[in-house]
Structure formats: C-alpha cells, structure tokens
Amino acid sequence: MSEGTGGTPPRTLAEALRTQGDDSLAALLRARPDLLNPVPGDLSQLATRAGTRASVVRALERLDRFTLQTAEALAVAPEPAPYDTLRALLTGDEGDERIEAALPAAVATLRDQALVWGADDRLRLVRTARELLAPSATHPSPTGLGPTVAEATAGMSPGRLQEILTATALPSTHDPVSAVAALTALFTDRTRMAALLDTAPVEALSVLDRLVWGPPYGEVTSTPTPPVRWLRDRGLLLPATTRTVVLPREAALHLRAGRAHRRPEPAAPAIAPRAEGAAGGSAAARDRAGRPPSSVLSPAARPETARPQVVDSTAAGQAFTALATVEELAKDWNEGGPNVLRAGGLSVRDLKRTATALDVTEPVAAFWVELAYAAGLLASDGETDERYAPTPAYDDWQELPAPERWARLATAWLAATRTAGLVGSQDSKGRTLAALGPELDRGPAPEVRRRILELLATLPEGTAPDPESLLARLRWERPLRGASAAGRSDDLRARLAAWTLNEAEMLGITGRGALSSHARALLESDGTGTGTDRSPVHPAAAHSATGLSPTGLSPAGLRAARALAPLLPEALDHVLLQADLTAVAPGPLLRPLAELLSVAADVESKGGATVYRFTPGSVRRALDAGQSASDLHEFLKNHSRTPVPQPLAYLIDDVARKHGHLRVGVASAYVRCDDEAVLDEILADKRSQSLRLRRLAPTVLAAHADAGALLEGLRTMGFAPAAESADGDVMITRAHAHRTPPRTAPAPVPDGPPTPDGTLLSAAVRAIRAGDMAATVVRRPVPEPMASGSATLSAAALAAASPAGANGALPRTTSAETLATVQAAAMTGSSVWIGYVNADGAASQRVIAPVRVEGGYVTAYDHTADEVRTYPLHRITGVAELADDPA
C-alpha cells in the first residue's frame, strides 16, 4: 500500500482508503456489499462503516482458513506489525515455504476487504477485528495464546514484580514499566529463555507442555505444587484470577518455536475421489444423522470412476424421473390438494398421503413438494378453505420441452433458500417444521449447493468425490460459518452438503455421484455473479431480468437444456396392446396419448416401461369423459403397434352397450329407461332399498337419494347409468382442474445483501469520491458576520478569519459577494465551495465548478453529485474559494 498524503504513512483506515484506486474501492464494495446500504457519503463514512462489529463479523465469516489464521496472527502481534513479524508468527523459527508462498495473497485479501491497512512495515488490523480475534479471558483465541506479559501483570504490585525479577536474575528496578519491559525482553530472547528453561524441573516443563497450545489458563490451589510454584516465581505463570494462572504469550511463543498456530493450513485440502466400494454414492453417502460418512480411502482402495457417457445417461434418466414425479404430484393435487395448516404448511398426514401417492418416502416427498413450490408450480389458492393446488404457471411449464422443464427445476433448486431436509425437525421452540411451512429458509443453502457443484466440476469427468474430503474443503473455505458461539461445530453446513449431494442425484444433476455434462453447462457463468457468490436467476424474477429467454431461463439454463436434450428419450406416439387387457408404453408418451390413456386405463406399474390395464371401470371413466366406443376403437387402432386384442374390443363394446342405457336426473333424483323390464329388475333388487326408489311412470323411477349417490348405487348393482342434464342430454363429466390465482415463486431469503453489479459499483465509487472531495477539500477563509448591521469585514479581517467549515458551519457571504465570486469562477473555470439550502430547508456543503451565471441561477458541475446542476442564487448561503485555486 502506498503512503498517505504528503508521503507520510496513513494514520487511519480512511486515509489508507484515499490512497487506493477506484478498482480497489470497487473490489472492497463487491466483497463487502453490506457497506453499500446506503451508499457512504465519503471515504470517512465508508471507513467507519467498515469498522462496525456487524460488518467485520460478516467479513471474517467469508475468509478461508489460512486468511483467517493470518488475521489471527496479526491480532496477537504487536501493533503495528512489520510483514516479517507476521511471517515469523506463521512460519515459526524453522520457516515454511508453502506458508511464505501463500502469505502475500492472504495479506492482499485482508487489505482488499479493509480488514488490514498500512504499508508492509506497519500492518494494522482493524480495531474491531483485533477485539474479536485477540485472546482474552472471556474470549479464547483460536491460536490458543494468552495475554502478553504487560497485560497479565497490569495491576500487579511493584514488590511482586521485583520478586519475579530477582528469581529470573534480572536487574532490580522499582519502576513497574521498566520491570515489565525487562521481563518481556527475557521471554522474547530465545537464548536467555532457553537457558532459563534448562534450569526448570521436569515436572514444571510438563505443566508448560499442557498449556503451550492452549487453553493457556490453569487452576491452582492456595498451596500450589513445587513445579507450579517454580513457574509462578519466575513469571512463566502469571495470576489471572485468585484461582487461575495463565501462560504469558511471549513464553508460549518461545515454547512453540515462534508459531502462532499449531497447524497452519496455507493450502485448501484436495477433493479426493470416492473409493470404489467405500460407503458413499447417492444413497449410501448419507448416514442416519444426515451427514456424509466418515469413511476414508484405504491404501488398497481405488478411485471410483465411471465413463462420462454412463454418468450422463444415469443423470438424464433421473432427470426424466424428476419431471414425471413433479407431474404426478401436480396431477394428485389437480382437483385441489391438501388443506393449508393454520400455521402454514402441510400436515404430517397429508405429507404421508402424498408420499404414498408418489411411492416415495416422506423426506423425498417433502423434497419434491418444496421443489415444485420453489419453481412456482404449486401454491396455496388463498380461498376461505385454503388448499394447495397447481398454479397457472404449471400449465405453461407443461407446454415447454422436457429439457427446458428440467432446467427450470434445476435453476429453482440452485437459487432456493428453502431447505426440504429440515422437514420433520424441530425449531428452537420445539415446534416441528412442516413441508411448505415457514421457518424452512436457510440463507447459506444456495451458496453451499453451488459451491458443492463447483467443487465436483474440478474433478475429472465421471469421478465421484469422497464426501468427507468435500466437507473438509467446505470447512477450510468458510471455517467461521460452521462454528457456533459456544465454539463447537454447527452441523448446518455439513447437513446442507449431504442434502445437496442427495438432491442433486435425485434431480439428475449428478449421476452415480459424478457431475453430469448438462450440470456443468448450468454452472457456466452467465453474468449473474462471480465466484462462489454467484446465484442463478430465480424464476420469480426471470421474466423481468435482462437477457433471459421467453421461457424465463438464463443463458446457462438454456445451455443446460440443450446439453440434456440429446440424452432424454424421445416421446412415443404408440403403445403395445396385449391380450391380457394391458398396454405397454416402452417409453415416454406424447402428452395427448398419455392423457387419454390415463383416463381409459389404470397405471399398473412404472419403470423403464409403463404398464396400463383396461378395466370396466376405466373404460366407463373414458365414456363419462365424452369418448364413444368408436372413438376408443379408433384411438387404440391408431396408436398401437400390435393389433387390438379381441378381449379388449369386447370389453369396450360391452361397457358402451350398457353405458347411458339408464339416465339419472334430479327429482331429488330420478332414473328413466325405455326398457320397463330393467326398471322392474332394479325395484326387485334388495340393494336398491337404500335408494328409496318409486315408479313415477312405466319408464321413470324417482329416488330420495341425490344424483351422485344414485349413480354410485346403480353402478354397484352392476348397471352402467349415465348422468342426464335438465335438457335430457347425457352429461360429460371431466376431472375439474383446480388452479390457484397467478402466483410468483417464493423469493429466496438472501444470506446478507446481494453482490452488486458493475453499474452499481461504478456509480457508488463515483459518489463516494465526489463526497470525499467535498468533505476534504482545502478552502479559503471566509468572513464571519459582524454583530452590527450588514457591514462586511475588511480584506485584512478576511485574511485573519478562521477557516470555513472548521466548525461545520456553512460559508456566509452577501448576495453581491456570492454573485461576484461565482461569476469570476465561471470566467476562470475554477471550483468554489458553497453552502446551499434546498426547498425542504436541508442545508449542505458542495464543491461546484460554475459554467454559466444568468437569470438568478448558476449552472455548475457539482463535484459532490458528479453531475451538472442548476442552483438558485438566493438559496446559496455563501461562497468561498478553494485554497488550491488561483486567487
């Protein structure tokens, strides 16, 4: 970092920021977007905001382990710390080439994020960061170091200090400051310190060994043991409280050979391939706790790899299954799904029923429900009796080609903060979290998902990762994000990683644990961000975003769809009819064929080929939906690669012959039939007694039951009645498709402010620079108003006046002086400083370069606003020349 103004080192973070270029400021605002809300008025405000506790904590949480270790080392180093001191704390006395090679990048990262400032010979950690990372009795440092000698002896009596000096053979002094300095010099002198420890009893060295790597505190009794007494007499253990002692930092660093950390980690751990036959894979990679298995590669284990073609075909098959599952879910809820709980979400019973309908487990059903909800395909209808149902967007989604439908699901999953894996667990108040309910959003979820996939993309194609090494890499990249306040590891990120691997396999993003080629296309940058903070465009904002296709997909989503298209099976227009009243669909069917088959037949089995079975009930269902016997015969003839079996043709004709022979209306309900013998048979049947039928005419029976119950009762008796309208026409009954009003997909709950784009960063940097120029520019003195009348000061008094703005006051000049000064500035092209009061009465200070003065207005380039503006002269309180402008 360059020196401050005038060649002097910067004294504050604000001065250090002023020495940086616009690119550096933009990088700072991109790395710490919370500093932009609102845009700081100048660099002093930016520096103040960058030093607040909340902002510093957020910045520290986004550091990798080695950069964080570098900051921790700076926190225990004397301030300011030369670069060589920092390097010695990390490498120790023996040195480490890997650390020395990685250290400049770590320091540069800390500087870029305004956590460290100053030149290499005067590195300073931001005060708030030092307070968070420096060791204290209530907040142990990750380094395991304790307080310095000066901190530990603060408040110690001069007599006790003199006793320590005597025990260590140091010259006596009655000055506590000199005594502490002498003891510190002893502990930091490797030669003298080694000589002192050579005289220590073996038991005393054992005590130091237990404290050296932390925690540095230990309890003592009122009568300490001889080894502890020996250490305490020589200041190697200093009192922390009446019952505890602490190992001073300087002594610990000597025992550690100068290292601040026991195990510095300058390089990220590598992602190991999964061992062939090891616990892992899409299903086995998850243990009962929902975490990746702790298995490691044995020396004899071989990396598990598969041909990329096998991975792609496996992932494509699962992608097709994902589309079918979402369609089946929407079909199950087509006429109105489960009721919405009063607290929001699905009940346990409804989730279990949905899982049974989808033939999956309840956690898997929760995933598909949440995925459809995140993609905007399902929502609540908002009615009085609120229920879940497909949205109008689902109908639009169905019309898309299969690859684009999958891309919509995949991009929604990548961006969603709702976490289906939490369903069934309990919140902090002991309440069970329900699917589609509140409290399922987790801000880190999108970042973890994308980062997991990016790490998978670094492996050779067809290679599945070892889950434990993947989790170790995540912990290295964000060590503080996985640590709770109590200092223990919080398993949220580990669970998110395990859920990501599982969900990616179910969704067809991975195949056999390896990343597919269409998923690699999905990860390619399309301008939505950079690095691990990138997040795909969410469907809720898809249509309003720039550069998206009419289907709402980003360029990366379209690339993924194109990559997936050749891998999906083509939809078929035929089935294979068999003599046992079944039809086999050897692959996916065209939508019209699939829809009619789902009405005319029942699905018997699914898999690579779907088996449909024709029954009297299913054929009657097709006839009720408006199909005729001839329509069904023609449909099957046109769409079967095998001849229509005679049993199936007889079944259709037999059901059609009876269908509509009886007519049911409202009387409460009635039955009419041209064949009186049929009505006689119905009246004679004991099963009709519950319908309470009576003959109104030779061809008409009346019933007390409603039309629906009458239809069902007659069908139970073996008849095939048809419903009749008031006009005497056969009523065609179709399933009622219930849809919600137009709904947008749930917006993700971001984990902090979003990463700003280039336009916002450029505008923010210009505004901060302009505001800083107005706040720091050197101004000429201006006269202060006299107590008597409107008389003005003389030139000599003007020269002797206090600098304007020294006390924050606006410049004050008369109207004539204001007009003359701005006219002169317009003629010479110089800048001036003005005080201005707007129409709302708000006062501000501005630096302007007047261009034109006429009609009571001054048109000028406003350096503060970075634009040309027009100001009424009567609202300018005063004007002063800048010190660096010509008089």
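Just so you know, these numbers come straight off a predicted model, no measurement behind them. (Residues numbered from 1 in each chain as written. Predicted model: local features only at pLDDT ≥ 70, side-chain atom pairs only at ≥ 80, totals over all residues. Heavy atoms only, no water.)

### Focus: the packing of helix H29 (residues 629–639) against helix H30 (residues 646–658)
Move 1: Two numbers describe how H29 lies on H30: the axes approach to 9 Å, and their chain directions differ by 160°. When the axes of H29 and H30 are compared, the pair comes out roughly antiparallel. H30 is crossed by H29, and the crossing has right-handed handedness. Touching Ala629, Leu632, His633 and Leu636 of H29 are Leu648, Ala649, Ile652, Asp653 and Ala656, all from H30.
Move 2: Of the residues belonging to the contact of H29 with H30, the class tally is seven nonpolar, one polar and one charged. (Axes fitted to C-alpha atoms, helices over the stretch in contact; angles between N-to-C directions. Helix = DSSP H or I, 4+ residues; strand = E, 2+ residues; numbered from the N terminus. Parallel < 35°, antiparallel > 145°, perpendicular 65-115°, else oblique. Left-handed = near helix turned anticlockwise from the far one by under 90°. Contact = heavy atoms within 4.5 Å. Nonpolar A, V, L, I, M, F, W, Y, C, P; charged D, E, K, R; others polar.)

### A few points about the pattern of salt bridges
Move 1: Scanning all chains against the criterion turns up 32 salt bridges.
Move 2: Its salt-bridge partner being Asp84, residue Arg87 comes within 2.6 Å of it at the nearest N-O pair. Of the two residues, Arg87 and Asp84 both sit in helix H6 (residues 83–91), three residues apart, roughly one turn of that helix.
Move 3: Residue Arg87 is classed as partly exposed on the basis of its relative accessible area, which comes to 29%.
Move 4: Residue Glu604 pairs with Arg613 through a salt bridge whose shortest N-O separation is 2.4 Å.
Move 5: Given the relative accessible area of 46%, Glu604 is considered partly exposed.
Move 6: Accessibility expressed as a relative area gives 26% for Arg613, which makes it partly exposed.
Move 7: A cluster of three or more residues bridged by salt bridges with shared partners is formed by Arg451, Glu454, Arg473 and Glu477. (Salt bridge = Lys/Arg side-chain N within 4 Å of Asp/Glu carboxyl O. Buried < 20%, exposed > 50% of the residue type's maximum accessible area, 1.4 Å probe, protein only.)

### Here's the deal with helix H27 (residues 591–600)
Residues lying three or four places apart along an α-helix face the same way, a consequence of the helix completing one turn every 3.6 residues.
Move 1: Along H27, the residues classified as buried are Leu593, Leu596, Leu597 and Ala600. Around the axis of H27, the buried residues are gathered within 100° of arc, so they sit on the same side.
Move 2: Buried residues in H27 make contact with strand E13 (610–613), helix H28 (616–624) and H29. (Arc of directions from axis to C-beta.)

### A few points about the nonpolar core
In a soluble, globular protein the nonpolar side chains are often hidden away together inside.
Move 1: With 88 residues, the main nonpolar core has Leu29, Leu46 and Phe187 as its most contacted residues.
Move 2: Sort the elements by how many residues they give to this core and helix H5 (residues 65–76) lands first, with seven residues.
Move 3: Formed by 69 residues, the second largest nonpolar core is a distinct cluster that contains Val340, Trp368, Leu409 and Leu568. (Core = buried A, V, L, I, M, F, W, Y, C linked by side-chain atoms within 4.5 Å.)

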